[in-house]
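Residue strings, one per chain:
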Amino acid sequence: VINLRSIRPLDRSTINASVRKTNRLVTVEESFPQHGVGAEICTSVVEESFGYLDAPVERIAGADVPMPYAANLERMAVPQVEDIVRAAKRTCHRSVPLAATA
């Protein structure tokens, strides 16, 4: 697990070293899926460490909707622990119940 404390400059060498060690990549961010830090990290890994990946990259990001004001809707718009666990299991080729992927 890498917790990027800063994204500028992006620590590409640490990210790629981790992918080369684990052979997997799951990115998590609360912002929109397109044009985000997760997309940039995925691009860096594809450019520099693609051959090391044993599973497709998983990107967990916020929903592509305006941020709601209601707390229950906000929880649905940003990544939750369950979303991250499901992505990690998929990346590790563990079975994920079909109902849990929806």
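None of the values given here were measured: they were computed from a predicted structure.

J.: Where do I start with the UniProt feature "domain: Transketolase C-terminal" (unreviewed entry) in the protein in this structure?
T.: Per the UniProt record, "domain: Transketolase C-terminal" (unreviewed entry) is annotated on residues 1-84. For the annotated span residues 1-84, helix accounts for 42% and strand for 7% of the residues, and the straight-line distance between the end C-alpha atoms is 12 Å.

J.: In this structure, what is going on with helix α2 (residues 37-49)? I would like to understand it.
T.: Residues three or four positions apart in an α-helix share a direction because the helix packs 3.6 residues into each turn. In a regular helix each residue adds 1.5 Å, so 13 residues correspond to 18 Å; α2 covers 17 Å between its end C-alpha atoms and thus fits that length. Of the positions making up α2, those classed as buried are Gly38, Ala39, Ile41, Cys42, Ser44, Val45 and Ser49. Looking at the buried side of α2, the elements it contacts are α1 (12-22), β1 (26-28) and β2 (58-60).

J.: Please clarify how unusual backbone geometry should be interpreted in this entry.
T.: One can expect most non-glycine residues to show negative phi and most peptide bonds to be in trans. Residue Pro9 is bonded to the preceding Arg8 through a cis peptide linkage, with omega at 0°. Mapped onto the elements, Pro9 comes out in the segment before α1. Positive phi, close to 65°, is recorded for Asn23, a residue that is not glycine. Assignment of secondary structure puts Asn23 in the loop between α1 and β1. Even without glycine at this site, His35 takes up a positive phi of about 65°. What makes His35 exposed here is its relative accessible area of 78%.

J.: Looking at this structure, I do not really get a nonpolar patch on the surface. What am I missing?
T.: Residues Val26, Val28 and Ile84 make up a contiguous nonpolar surface patch of about 190 Å² in total accessible area. Its place among the elements puts Val28 in strand β1.

J.: Would you take a moment to explain the environment of Ala88 for this structure?
T.: Along the polypeptide, Ala88 turns up in helix α4 (residues 81-91). For the pair Ala88 and Val57, spaced 31 residues apart in sequence, the C-alpha separation works out to 10.0 Å.

J.: How should the nonpolar core be read in this particular structure?
T.: The nonpolar side chains of a soluble globular protein tend to be buried with one another. Counting residues in each nonpolar core, the largest one holds eight residues, listed as Leu10, Ile15, Val19, Leu25, Ile41, Cys42, Val45 and Leu53. Within the residue set of this core, elements represented by two or more residues are α1 and α2. Tallying contributions element by element places α2 first for this core, with three residues. Setting aside its immediate chain neighbours within four residues, Leu10 contacts Leu4, Ile15, Glu40 and Ile41.

J.: Can you walk me through α1 in this structure?
T.: What α1 keeps buried is the set Ile15, Asn16 and Val19. In a view along the axis of α1, the buried residues occupy a sector of 90°, so they form one face of it. Facing away from the buried side of α1 by more than 90 degrees, the exposed set consists of Ser13 and Lys21. The inward-facing, buried residues of α1 abut α2. A positive backbone phi angle near 65° is found at Asn23, which sits one or two residues after α1.

Thresholds applied
Residues numbered from 1 in each chain as written. Predicted model: local features only at pLDDT ≥ 70, side-chain atom pairs only at ≥ 80, totals over all residues. Heavy atoms only, no water. UniProt positions renumbered as here; feature names shortened; annotations may be inferred. Helix = DSSP H or I, 4+ residues; strand = E, 2+ residues; numbered from the N terminus. Expected span 1.5 Å × (residues − 1). Buried < 20%, exposed > 50% of the residue type's maximum accessible area, 1.4 Å probe, protein only. Contact = heavy atoms within 4.5 Å. Patch = residues over 30% accessible without salt bridge, like charges linked within 9 Å, V, L, I, M, F, W, Y side chains within 5 Å. Areas by Shrake-Rupley, 256 points an atom, 1.4 Å probe, with all protein chains shown as cover. Salt bridge = Lys/Arg side-chain N within 4 Å of Asp/Glu carboxyl O. Core = buried A, V, L, I, M, F, W, Y, C linked by side-chain atoms within 4.5 Å. Arc of directions from axis to C-beta.

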